[in-house]
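# Report on the structure
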Amino acid sequence: MIEPKSRVESMLKKLRAHQFRVTPQRIAILKVLVCSIEHPTVERIYEQVKSDFPTTSLATVYKTVTLLKELNEVLELGFPEGSNRYDGNKPYPHPHVICIKCKKIVDPDLSGLADMTTELKKETGFKIIHHRLDFFGICPSCQKKYK
Ligand code: ZN
Ligand code: MN
């Protein structure tokens, strides 16, 4: 996990550069995005921020997350069914492991990824600029539950 404080600072810097008004509610949204390891949905971020800032609206959370996505400060994981999930700690492309039962999403440490990219480049001649690597399965706690 990247140092949350430096991630929040990087987000704030970009938001300010885009004349975005930084309010305590919005800082709370950034903190949830950066500190959460669960890859939250917008609704989930809203729930968490609302407990400290009851006046926060879902629209504000949407707006903030969308802007951060446009500024490459948050990674969006879209799914054909269900809500998008967000990673504000690692805003760059990285692999994910997804539980099909409880929808838990984990960041694995995949040491072979750099080799895979080199191999792809060599084989296809492509300049690789982005990747989306999702592994779907059943997490350890769901394996116990559904046995
Ligand atoms: Zn699970
Ligand atoms: Mn992630």
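Going by the structure above, here's the rest.
The written sequence of each chain sets the order in which its residues are numbered from 1. The order in which chains are written sets their letters, starting at A; the order in which ligands are written sets their numbers, starting at 1. Whole-chain, interface and lining totals are the exception, using all residues; otherwise, since this is a predicted model, local features are given only for residues with pLDDT of at least 70 and side-chain atom pairs are given and counted only at 80 or more. Side-chain metrics rest on all non-hydrogen atoms present in the structure, leaving aside hydrogens and water.

## Structural notes on the packing of helix α1 (residues 4–17) against helix α2 (residues 24–35)
Where we set the bar: Comment: axis = line fitted to C-alpha atoms, over the contacting stretch for helices; angle = value between 0 and 180 degrees taken between N-to-C directions. Strands here mean DSSP runs of E at least two residues long; helices mean DSSP runs of H or I at least four residues long; both are numbered from the N terminus. Reported orientations rely on four angle classes, namely roughly parallel under 35 degrees, roughly antiparallel over 145, roughly perpendicular from 65 to 115, and oblique for the rest. Should the near helix be turned anticlockwise from the far one by less than a right angle, the crossing is termed left-handed; should it be turned clockwise, right-handed. Whether two residues touch is decided by their heavy atoms; if any such pair falls within 4.5 Å, the residues are in contact. The residue classification treats Ala, Val, Leu, Ile, Met, Phe, Trp, Tyr, Cys and Pro as nonpolar and Asp, Glu, Lys and Arg as charged. All others, Gly included, are polar.
With their axes 9 Å apart at the nearest point, α1 and α2 run at an angle of 135° to one another. Taken together, α1 and α2 sit at an angle that is classed as oblique. Relative to α2, α1 is oriented so that their crossing is right-handed. Contact residues: α1 offers Pro4, Arg7, Val8, Met11, Leu12 and Leu15, while α2 offers Ile27, Leu30, Lys31, Leu33, Val34 and Cys35. Residue composition of the contact of α1 with α2, grouped by class: 10 nonpolar, no polar and two charged.

## A closer look at the sheet that holds strand β5 (residues 134–137)
In any sheet, the strands associate via hydrogen bonds between backbone groups, in a parallel or an antiparallel arrangement. As a reminder of what qualifies: DSSP bridges decide pairing: two strands pair if at least two such bridges lie between them.
An order of β4-β3-β5 is seen for the three strands of this open sheet, with the pairing classed as mixed. Looking at the sheet topology across the chains shown, the edges are occupied by β4 (105–106) and β5. Summarising the sheet, strand β3 (residues 96–99) and β4 pair through two bridges and their orientation is antiparallel. Across the sheet, residue valine 97 finds its bridge partner in β4, namely valine 106.

## Overview of the coordination of the manganese ion (ligand 2)
Heads up, the rule is: Only nitrogen, oxygen and sulfur atoms qualify as donors, and only when within 2.8 Å of the metal (3.2 Å in the case of Na, K and Ca); with water excluded, sites may look incomplete. Per-residue accessibility, obtained with a 1.4 Å probe over protein chains only, is compared with the maximum for each type, and a residue is labelled buried under 20%, exposed over 50%, and partly exposed between these values.
With distances of 2.1 to 2.2 Å, the protein atoms coordinating the manganese ion (ligand 2) are His39 (NE2), Asp87 (OD), His94 (NE2), His96 (NE2) and Asp107 (OD). Coordination of the manganese ion (ligand 2) draws on donor residues from a single chain, spaced H-x47-D-x6-H-x1-H-x10-D in sequence. A residue pair is termed long-range when its members are at least 10 positions apart, and aspartate 87 in strand β2 (residues 85–87) and aspartate 107 in the loop between β4 and α5 (113–124) qualify at 20 residues. By relative accessible area, which is 4% here, aspartate 87 ends up buried.

## Re the pairing of β3
Moving residue by residue along a regular strand, the side chains alternate between the two faces of the sheet. Bridging between β3 and β5 involves four bridges; their strand directions are parallel. Bridge assignment links histidine 96 to a residue of β5, and that residue is aspartate 134. The hairpin turn running from β3 into β4, its antiparallel successor, is five residues long, and lysine 103 in that turn takes a positive phi close to 65°.

## Some points on the coordination of the zinc ion (ligand 1)
Around a metal, the ideal angle is 109.5 degrees if four donors adopt a tetrahedral arrangement and 90 or 180 degrees if six donors adopt an octahedral arrangement. The line we're drawing: Metal sites are grouped by the angles between bound donors: all angles between 85 and 135 degrees with four donors is tetrahedral, opposite donors over 155 degrees apart with the others between 65 and 115 is square planar for four donors and octahedral for six, and any other pattern is irregular.
In the first shell of the zinc ion (ligand 1), the protein supplies Cys99 (SG), Cys102 (SG), Cys139 (SG) and Cys142 (SG), at 2.2 to 2.3 Å from the metal. One can describe the donor arrangement at the zinc ion (ligand 1) as tetrahedral, given that its four donor atoms subtend angles of 102 to 116° at the metal. Cysteine 99 gets classed as buried once you look at its relative accessible area, which sits at 3%.

## So, α5
Selection rule: Multiplying 1.5 Å by the residue count of a helix minus one yields the expected span of that helix.
Its 12 residues give α5 an end-to-end C-alpha distance of 16 Å, which sits within 8% of 16 Å, the value for a rise of 1.5 Å per residue. Of the residues trailing α5, glycine 125 is marked for its positive phi of about 75°.

## A few points about unusual backbone geometry
Positive phi values are uncommon outside glycine, yet glutamine 19 reaches one of about 55°. Take glutamine 19: it is sitting in the loop between α1 and α2. Of the residues examined, glutamine 19 reaches a relative accessible area of 70% and is grouped as exposed. Notably, asparagine 72 is not glycine yet its phi reads approximately 60°, a positive angle. Mapped onto the elements of the fold, asparagine 72 is located in the loop between α4 (58–70) and β1 (75–77).

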